Amino acid sequence: MILAIDLGGTKLAAALFDGEQLCDRIQFKTHSSGDPGTLKDQLQSLLHHYQGRFDCIGVASTGIIQQGRLTALNPDNLGGLKGFDLEVFFQQIFPGPIALLNDAQAATFGESVARDNAANLAFITVSTGIGGGLMINGELLRGGSGHLGHTLADPDGPVCGCGRRGCIEAVASGSALSRLGSEALRREVCARELLELAQSDTRAEQIVDRACLSVAGLIADLQASLAVGRVVVGGSVGLNPLFFDRVTLALASNPAFYRPVVESAVLGADAGLYGISHWVKQFHR
């Protein structure tokens, strides 16, 4: 039995996997106070819920995992948890095998397996931030790869949390849509609300169209540079039909050379859970 954990900037989800079967899934809102103690309390509560029912743990986490510790180009996405030592935390309370993987890379692997082990695909997650992963010739690119949210969308755009101006994450992520929408409408709106307003409000539509054009541009760039042939879009924003449909419409205006197959994540919001479970089964047991 595998305990799969998906630690994101907004949600903390977990489930048991018995072979291919996902069971007993639970989800919380991720504490983002910046105090590692609050996250530790959440994780300990989660492990207590599953106590005695699993043999190994797989963690798909937001950010870059370097020597078991969390870091990120944009630390804002970690809610102040930069430097949190995930590996040591789990080793102190669980003696069995533990596997750690970036959440977008885990989702990439899961989507590849779900597509009969597709050898080449790119995965883009549009959520609190924007991340991604790449399967090239049957190999998942790991480590510091997949910073798709920090490719350039607009050289005159807003400064990203990473310090660079005009990253796609600064104009198209869930947090960016919320920030830009709230500024334009002069009231607090979340990304989901902004997408709904874009159907009738010109100000909201301009922000959403800019975001979708940026993601479509990223897809075209991935096809031009890597010839991936297939791009999967996931994440809470990316899976919203109001966003996904605008992205595919924007991409359609490009020449055929720049248009790979674009699909929504078949594993939906649980792509990271499935992906880290498959990763543990194949490489860490």
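Owing to the predicted nature of the structure, the values given are computational and were not obtained by experimental measurement.

Draft legend 1. The packing of aromatic side chains, seen in detail. Evaluation of the coordinates by the stated rule reveals 6 aromatic pairs. Plain terms: the ring middles of Phe-17 and Tyr-274 are 5.1 Å apart, the flat faces sit at 75° to each other, and that makes the pair edge-to-face. With Phe-17 in strand β2 (residues 11-18) and Tyr-274 in helix α9 (residues 271-283), this residue pair connects regions lying 257 residues apart in the sequence. Among the residues examined, Phe-17 registers a relative accessible area of 2% and is labelled buried. Here the aromatic residues Phe-84, Phe-89 and Phe-90 are joined through ring pairs into a cluster of three or more.

Draft legend 2. Spatial organisation of unusual backbone geometry. With a phi angle near 50°, Asn-137 is a residue other than glycine that sits in the positive phi range. As for its position among the elements, Asn-137 is in the loop between β9 (130-136) and β10 (139-140). On the basis of relative accessibility, which here comes to 65%, the residue Asn-137 falls in the exposed class. In this model, Arg-186 sits at a positive phi of 60°, which is unusual for a non-glycine residue. Since its relative accessible area comes to 78%, Arg-186 is described here as exposed.

Draft legend 3. Structural view of the environment of Asp-55. With respect to the element layout, Asp-55 can be found in the loop between α1 (36-49) and β4 (56-61). For Asp-55 and Pro-95, which are 40 residues apart along the polypeptide, the C-alpha to C-alpha distance reads 9.5 Å. Beyond its immediate sequence surroundings of up to four residues, Asp-55 is in contact with Met-1, Phe-94, Gly-96 and Pro-97. Here the side chain of Asp-55 touches Met-1 through a polar contact of 2.7 Å, landing on its backbone nitrogen.

Draft legend 4. Focus on the nonpolar core. Ranked by size, the top nonpolar core spans 38 residues in total, and within it Ile-124, Leu-177, Leu-194, Ile-219 and Phe-243 carry the most contacts. Contributing elements (two or more residues each) for this core: β8 (121-126), β9, α4 (169-172), α5 (174-185), α6 (191-197), α7 (202-226), β11 (230-234) and α8 (241-251). Considering each element in turn, this core owes the most residues, 11 residues, to α7. The next biggest cluster of nonpolar side chains, apart from the first, holds 27 residues, and it includes Ile-2, Ala-118, Leu-121 and Val-232.

Draft legend 5. Representation of the sheet that holds β11. Spatial strand order, β10-β9-β8-β11-β12: 5 strands in an open sheet with mixed pairing. A strand with exactly one partner marks an edge of an open sheet, and here the two such strands are β10 and β12 (261-264). The pairing of β9 with β10 spans 2 bridges and is classified as antiparallel. Counterpart to Met-135 in the pairing with β10 is Leu-140. Most of the contacts of α7 go to β8, to which it runs at about 160°, and overall it touches β8, β9, β11 and β12.

Draft legend 6. Quick look at α7. Here α7 is 25 residues long and its end C-alpha atoms lie 36 Å apart, about the 36 Å a rise of 1.5 Å per residue gives. Where α7 starts, the residue carrying a side-chain oxygen 2.9 Å from the main-chain nitrogen of Arg-203 turns out to be Asp-201. Ala-227 sits one or two positions beyond α7 and adopts a positive phi of about 50°.

Draft legend 7. How the structure looks around the state of the cysteines. Under the defined criterion, the tally for this structure stands at 0 disulfides. Cys-56 takes part in no disulfide bond, and the closest cysteine sulfur to it belongs to Cys-23, at a distance of 13 Å. We classify Cys-56 as buried; its relative accessible area is 2%. Not engaged in a disulfide, the cysteine Cys-190 finds its nearest cysteine sulfur in Cys-212; these two sulfurs lie 15 Å apart. On the basis of relative accessible area, Cys-190 is assigned to the partly exposed category, the value being 32%.

Draft legend 8. View of the environment of Asp-221. Of note, Asp-221 is situated in helix α7. Here Asp-221 falls in the partly exposed class, since its relative accessible area comes to 48%. Between the C-alpha atoms of Asp-221 and Thr-151, which are 70 residues apart in sequence, the distance is 9.9 Å.

Draft legend 9. Spatial organisation of the pairing of β2. The buried fraction of β2 is high, at 7 of 8 residues. Hairpin remark: strand β1 (residues 2-7) followed by β2, antiparallel, with 3 residues in the connecting loop. Direction of pairing for β2 relative to strand β3 (residues 21-29): antiparallel, over a ladder of 7 bridges. In the strand pairing of β3, Lys-11 is matched with Lys-29. Turn length for the β2-β3 hairpin, with the two strands adjacent in sequence and antiparallel, is 2 residues, and the turn residue Gly-19 shows positive phi of about 70°.

Draft legend 10. Fine view of the packing of α7 against α8. Remark: α7 packs on α8, axes separated minimally by 8 Å, with the N-to-C direction vectors making an angle of 60°. Between α7 and α8, the interaxial angle falls into the category oblique. For the element pair α7 and α8, the recorded crossing hand is right-handed. The residues of α8 that touch α7, namely those facing Glu-205, Val-208, Asp-209, Ala-211, Cys-212, Leu-213, Val-215, Ala-216, Ile-219 and Ala-220, are Phe-243, Arg-246, Val-247, Ala-250 and Leu-251. Within the contact of α7 with α8, the residues separate by chemical class into 12 nonpolar, no polar and 3 charged.

The rules behind these values
Residues numbered from 1 in each chain as written. Predicted model: local features only at pLDDT ≥ 70, side-chain atom pairs only at ≥ 80, totals over all residues. Heavy atoms only, no water. Phe/Tyr/Trp six-rings, centres within 6.5 Å; stacked < 30°, edge-to-face > 60°. Helix = DSSP H or I, 4+ residues; strand = E, 2+ residues; numbered from the N terminus. Buried < 20%, exposed > 50% of the residue type's maximum accessible area, 1.4 Å probe, protein only. Contact = heavy atoms within 4.5 Å. Polar contact = N/O pair within 3.5 Å; in protein donor to acceptor, adjacent residues only side chain to side chain. Core = buried A, V, L, I, M, F, W, Y, C linked by side-chain atoms within 4.5 Å. Pairing = 2+ DSSP bridges. Axes fitted to C-alpha atoms, helices over the stretch in contact; angles between N-to-C directions. Expected span 1.5 Å × (residues − 1). Disulfide = S-S within 2.5 Å. Parallel < 35°, antiparallel > 145°, perpendicular 65-115°, else oblique. Left-handed = near helix turned anticlockwise from the far one by under 90°. Nonpolar A, V, L, I, M, F, W, Y, C, P; charged D, E, K, R; others polar.

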